[in-house]
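# Geometric and topological summary
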Amino acid sequence: MSFDLAYQKALTLESAIPPETLPENTYFAGVFYELCEAAAEQLPTVLSGGSLEIASSLTLSFQALDCRMLLYTKEGSGSLLMRGANHALQAGSLLYLDCSKAPFSLKAEQLPWHYIVFSLRGGLFPVCESLTPFETFLLTQPDPHGTLLRNIRQLLSGNTDKNLRNKLRDAGLITAIMTELFSDLLPAEDVKEDCAPYLLELRHYLDHFYKEPLLLSDLEARYHISKYHICRSFSTAFGVPPLRYLNKKRLEAAVNLLFSTDKKIHEIALAVGYESTNHFINLFKKEYGTTPQAYREAHQN
């Protein structure tokens with residue numbers, strides 16, 4: 001049975017409004033993707049997906065369905081009801097659910113409930129789940145400036161046809177999403193003995209205060225250590241020098257602002273810590289292969 005037929009069969013709509021005013025069941029899947037038979041069983045694959053809105057009191061009740069669901073709430077709120085327990089899906093939350101384990105329901109709570117949803121399948125998912133304490137679902141609040149949400153939005157902007165190049169692109173994005181999502185469930189690794197505490201403090205500062213101006217001389221004065229030694233030690237511990245790490249954080253925040261606001265490019269540059277718009281554009285182009293405005297236009301929902 002094709003996935004679109006299985007989806008329609010598994011879903012029942014429950015609402016106080018007349019049934020004839022409700023959307024078809026298929027609306028809640030988004031768009032059904034064409035499958036590339038050569039890759040469907042090997043690669044992580046999008047079965048359906050879209051950016052949806054529920055504007056009336058409505059409950060979506062599903063029988064067990066052979067897929068994983070990824071659902072990000074953009075505004076409003078909903079809830080997941082599964083095995084007698086109710087779990088809030090607040091704005092900014094991300095739900096990852098193994099739909100094959102048991103029946104479940106999604107209920108619109110605060111209206112309008114606007115969310116991005118994907119149905120996914122492939123060998124990657126049980127592998128990731130087996131490496132962590134995962135049971136049936138994972139509910140998390142991803143960093144609004146992080147790569148996870150950027151990859152979800154990029155996945156949303158993809159092509160639904162069965163072209164293998166598109167399937168490979170989707171598989172790469174899904175793999176990146178799953179890697180970041182499940183990395184947080186892994187036991188914390190011991191800090192390397194040669195990683196000085198000040199390096200952890202510096203990384204924390206760059207993660208949370210990336211908007212602030214920073215020079216290597218500032219770090220030298222703050223830690224009373226040569227800036228050259230700081231750069232070498234930070235690179236050894238975290239893979240990149242501190243200023244490159246800082247630029248990466250700023251550019252990730254800029255991507256989020258490109259998608260979530262109507263700010264002009266120079267306003268975004270200032271908001272993430274760049275006084276020079278041209279410098280910001282050059283760094284962005286080096287990282288993402290295009291200008292901020294072109295990136296925004298190419299990935300708009």
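Overview of the structure. From a predicted model like this one, the values you see are computed outputs, not experimental measurements.

## Examining the nonpolar core
Phe28, Leu60, Leu71, Phe104, Leu106 and Tyr115 are the most contacted members of the largest nonpolar core, which has 31 residues in total. When contributions to this core are tallied by element, the ones reaching two or more residues are α1 (3–10), β1 (11–14), β3 (45–54), β4 (59–62), β5 (68–82), β7 (94–98) and β8 (104–121). Here this core takes six residues from β8, the largest share from any one element. Setting aside residues up to four positions removed in sequence, Leu71 forms contacts with Leu89, Ser93, Leu94, Leu95, Leu106, Trp113, Tyr115, Ile116 and Val117. Judged by nonpolar contacts, the second largest core, of 30 residues, contains Leu199, Leu202, Phe259 and Ala269.

## So, empty space enclosed by the protein
This structure, assessed with the given rule, holds one cavity of 30 Å³ or more. Of the pockets and cavities examined, the largest cavity occupies roughly 40 Å³. Taken together, Ala39, Leu43, Pro44, Thr45, Val46, Lys167 and Asp170 form the lining of the largest cavity. Tallied by class, the residues present in the lining of the largest cavity amount to four nonpolar, one polar and two charged.

## Some details on the packing of helix α7 (residues 216–223) against helix α8 (residues 227–238)
Here α7 crosses α8 at 95°, and the two axes come no closer than 9 Å. Considered as vectors, α7 and α8 are oriented roughly perpendicular to each other. Of the residues in α8, those in contact with Leu216, Leu219, Glu220 and Tyr223 of α7 are Lys227, Ile230 and Cys231. Taken together, the residues that form the contact of α7 with α8 break down as five nonpolar, no polar and two charged.

## Let's talk about the packing of helix α9 (residues 242–260) against helix α11 (residues 277–288)
Two numbers describe how α9 lies on α11: the axes approach to 11 Å, and their chain directions differ by 90°. Judged by the angle between their axes, α9 and α11 are roughly perpendicular. Contact residues: Asn247, Lys248, Leu251, Glu252, Ala254, Val255 and Leu258 in α9; Phe280, Leu283, Phe284, Glu287 and Tyr288 in α11. When its residues are assigned to classes, the contact of α9 with α11 shows eight nonpolar, one polar and three charged.

## So, α11
Helix length check: α11 (12 residues) gives 16 Å between terminal C-alpha atoms against 16 Å at 1.5 Å per residue, within 8%. Listed as buried for α11 are Phe280, Leu283, Phe284 and Tyr288. For α11, the angular spread of the buried residues around the axis is 110°, confining them to a single face. In α11, those exposed residues whose orientation departs by more than 90 degrees from the buried face are Asn278, Asn282 and Lys286.

## Focus on the environment of Pro241
In this structure, Pro241 sits in the loop between α8 and α9. Here Pro241 falls in the partly exposed class, since its relative accessible area comes to 25%. Taking the C-alpha atoms as reference points, Pro241 and Tyr228, separated by 13 residues in sequence, lie 10.0 Å from one another. For Pro241, the residues in contact, after removing those within four places along its chain, are Cys231, Phe234 and Ser235.

## So, the pairing of β5
Within a regular strand, the side chains alternate between the two sheet faces. Counting buried positions along β5 yields 12 of 15 residues, so the element is predominantly enclosed. Sheet topology places β5 next to β7; five bridges connect them, and they run antiparallel. Looking across to β7, one finds that Arg68 is bridged to Asp98. As paired elements, β5 and strand β6 (residues 85–89) share five bridges and run antiparallel to each other. Bridging across to β6, Leu80 finds its partner in His87. Where β5 folds back on β6, the antiparallel hairpin that results is connected by two residues, among which Arg83 adopts a positive phi of roughly 55°.

Reading the values: the criteria
- Residues numbered from 1 in each chain as written.
- Predicted model: local features only at pLDDT ≥ 70, side-chain atom pairs only at ≥ 80, totals over all residues.
- Heavy atoms only, no water.
- Core = buried A, V, L, I, M, F, W, Y, C linked by side-chain atoms within 4.5 Å.
- Buried < 20%, exposed > 50% of the residue type's maximum accessible area, 1.4 Å probe, protein only.
- Helix = DSSP H or I, 4+ residues; strand = E, 2+ residues; numbered from the N terminus.
- Contact = heavy atoms within 4.5 Å.
- 1 Å grid on protein atoms, 1.4 Å probe; cavity = no way out; pocket = protein on both sides within 12 Å on 5 of 7 lines; lining within 4 Å.
- Points joined across faces, edges and corners; volume = space filled by probe spheres on them.
- Nonpolar A, V, L, I, M, F, W, Y, C, P; charged D, E, K, R; others polar.
- Axes fitted to C-alpha atoms, helices over the stretch in contact; angles between N-to-C directions.
- Parallel < 35°, antiparallel > 145°, perpendicular 65-115°, else oblique.
- Expected span 1.5 Å × (residues − 1).
- Arc of directions from axis to C-beta.
- Pairing = 2+ DSSP bridges.

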